[in-house]
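# Architecture at a glance
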Amino acid sequence: MSTLSELIPSGGTQNNIEFVAQGTLANGQAVALRSDGKVEAISETSASNGSAVQFSTGNYAEEILSFPIPSTSQIVVAYQEAGIDNSFKAVVGTITGTAIVFSSSPIAVSGGVAVTWIAGCFETGESKVVFAWTNNSNKLVALGGSVSGTGSSATISLGSESLISTSQISNNVFLQDNPAASGKTQFIYRDQSASDTKVLTLSINSSNTIGTGQATTITSTSYPRGVGPATEDDKSILVDSPNGGNLVLYVGSSNSGNDTWSFNTSSPVALNSGDTTFYNNPVVVANNFIGVAFTNASGYPTVNSFTLSGTTLTAGTPLVLASNGVGRNGFAYDATASKYVFAYRNTSGGAGLYHTINFSGTAFTTASSAIQFVANAVDVSVAYNASQGKTIFSFSDGGDSEKGKGQVYELPVSTATSFVGITNAAISSGATGEVAVKGGLSTGGNLLPYSLSFGSSAVFESTTAGYTATAYDSNNNKIIVGYSDSQGYGAVSIGTVSGAAISYATPVRYTAQGGTSYNTVVYDPTNQKVVAIYADSNNSNHGYAVVGTVSGTTTSWGSPVVFTANNSRYYSATFDSNVGKIVIAYQNQANTYGQAIVGTVSGTSISFGTAVTFEAASARYVNIGFDSNVNKVVIAYRDDGNSGYGTSIVGTVSGTSISFGSAVVFESAESSDYNVVFDSNANKVVIVYSDVGNAYKGTAIVGAVSGTSISFGSASIFNSGTISTGISASFDSAQNKVIVGYLISSDGEAVIGTVSGTSISFGTPVEFSDGTLTYVSSAYDANSSATVFNYMDSTGSNDGTGIVGSLANDLTIGSNYFVQDDGTVSTASSSNKAGKAISTTALNLVDPT
């Protein structure tokens, strides 16, 4: 520990200060201090972007580079017009908000003459644009220009070309302003005749005249390594020093498999533990360190930081952004969002992707997942315009004949830098409440997001367990799992949860004959009975229900009762606690209609009212839940009479009958595999499903029931993979979370969902089985505050298997915690340290300043 105050709270509650809340604050909420003296929840804005706007005259814009014009709302984008004449062209983009307008006509920098390599920068001393390129003889040519006008009228008035090298250039040039010398720019290149790497100074005056200085050799022992695709020649790097002056940083040849950086003639420093490749714009100097973007030995996008002391470079630890290949890229620092941005072409599929990257001190810490900005990109460049506070991607659109396009992005901005403390209790908006600040002890809230962990799996059926269904017996505190066994009999096993483990009793069959399918089980707490529902294939798939009585870990059964004498399937059942009835929803195969029926349990028997049609068209994947806030049942189903859209309807039970309101579409695309769960904390219904129309992504939507109708918020994706079957959801009433279990690539995963208003957000999925699974079902065990998942494991003998999932958000004693951009607290390093955990629930805060 660095100070005693980090371990022991000083003065007890003297470090709990009262503030007025701006907006309602939850218990354990990290808060930011506002300029008016109030506190608000630390939050991060949503990213937004404008439309992609074409800047090239024709198709095939290549070698794209971009840079801002300081103190203006403009950037310059330069490129090779490969689709017309391979000439060097440039445009000026004027930014307003998230919109960009380019020069109406690209500026012909090379006068229509074909070029090989291009370079450009803005020279701050004379406020000039400087361009350089290699001609067809591989000689270096340069000229300067002045920017005037805005919007579509913006242009660049160019001076005369100057041939500034008599030797051939065998490597792409990299041109950069020299802020230490007004009117000067420099470029680095490989002199083909001398076989060495040189730096040459260019001067420019108010008349846009280019002059040259003496070329300086910086190395003759190594060939500069790449800042370009591996199939092209390489480019070296010129960069300004964070501690003043102008430095030449270049990449030397591979040193025992490690690409190395050198500063002039100083000792080389390994960039990465393995050979690396560079692409466009790989260096950013900001925040007192040098950031470098590259691909590591595995070809993955990576960043690393370097600090400079005198002429000594010290490398940080490489941060790998994603496990995929990288093509042409751009790298920039967005000072508004306090994030680095790395954009690139994904070599698998060609999508244009970007990551935002966080830093702390002089090191990169964490990065976002890859975010797509265009479906297919070829060249990519990134520039940050400080005047507008926006990041601009310039790229050739591979999905549109490689036209050159620009797009403005407004990255998420966080208030985390104004962190002042953590609430010790909930505070209503406008009210005064207590905040633990420096030296204070935060003990009252859920400081960490919940995580889901699993115990060891247990087998309830050593042979086939198809059509698994799970319910919770709240009287006996048992888990009931129903299924079809290897001989087609319906059976149940009683599970007992203890901690993170579950044990199962010997199964008991509830059918006298084989051939059961579409099993479901539901618990009736009023009569303290379990009801099993199934289709009997030995009797034309008629629908049956049977009542069971749980005693200890066994179940005794009454006689099965037919509730529909029709071929039927897709059974789902719920208990209506308002009237004490069982409601079954299903598809009647005689006409494929969706129907529902009310069942009354009496002793060991069940009787039914008359079935009611809720959808007079083909209704598949039927699922039902109960909203105890308004005492209504909610049914979700696929309406095949309406393009397979996800549809919901509200039902009201009266006596032994049920009536329905009007159907409401919640997913205007083909969808399937619905599961309805009620969040009793938010008093909302959540429907989870597979969005077939969106590549089978796992999706959820929140519904609010009013009267006999239901309205929905916006859908949220809980997994972007292919989720076509096996979705099950339950509600953890102890932690007020929706837990969704599902199959992805036959593996079992689960994810935590949090409802807020009419929206739901999800955490990171957790795998509970990597076998080949089918028929996932789940239920929440209120006695043990755990969720049990039951499934058939097809890896071996189709064993019926169960596993317990538990939620926790305990602090790790002795660990340091940091406030993240979105206001959450975690051990991931950031520039905003919160404090040190002195128990699993208490965080001793340090000085946030």
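As shown above, the structure is provided for reference.
Here we summarise the structure given alongside this text. (Residues numbered from 1 in each chain as written. Predicted model: local features only at pLDDT ≥ 70, side-chain atom pairs only at ≥ 80, totals over all residues. Heavy atoms only, no water.)

Attention now moves to the sheet that holds strand β1 (residues 16-20). In space, the five strands of this open sheet follow the order β1-β39-β38-β2-β3, with antiparallel pairing throughout. Each edge of the sheet is formed by a strand with only one pairing partner; in this case those strands are β1 and β3 (39-41). Here the average twist between neighbouring strands, direction ignored, is 50°. With two bridges joining them, strand β38 (residues 419-423) and strand β39 (residues 432-436) adopt antiparallel strand pairing. In the sheet register, T423 faces β39, and the bridge partner there is V435. (Pairing = 2+ DSSP bridges. Helix = DSSP H or I, 4+ residues; strand = E, 2+ residues; numbered from the N terminus. Axes fitted to C-alpha atoms, helices over the stretch in contact; angles between N-to-C directions.)

Within strand β37 (residues 403-410), seven of the eight residues are buried, leaving the element largely enclosed by the surrounding structure. In this structure, strand β4 (residues 48-49) lies alongside β37, joined through two bridges in antiparallel fashion. By the bridge assignment, S48 is partnered in β37 with E410. Pairing geometry for strand β5 (residues 53-54) and β37, over two bridges, is antiparallel. Looking at β37, one finds that V53 is bridged to G406. As paired elements, strand β36 (residues 390-397) and β37 share seven bridges and run antiparallel to each other. Its bridge partner being in β37, F395 is matched across the sheet by K405. Here β36 folds back onto β37 in antiparallel fashion, the turn holding five residues, of which S401 has a positive phi close to 55°. (Buried < 20%, exposed > 50% of the residue type's maximum accessible area, 1.4 Å probe, protein only.)

This part takes up the packing of aromatic side chains. According to the stated counting rule, one finds 44 aromatic pairs in the structure shown. Between Y467 and Y775, the ring centres sit 5.0 Å apart and the planes meet at 35°, which makes this aromatic pair tilted. One end of the pair, Y467, is in strand β43 (residues 466-473); the other, Y775, is in strand β73 (residues 773-781), with 308 residues separating them in the sequence. With relative accessibility at 27%, the residue Y467 sits in the partly exposed group. (Phe/Tyr/Trp six-rings, centres within 6.5 Å; stacked < 30°, edge-to-face > 60°.)

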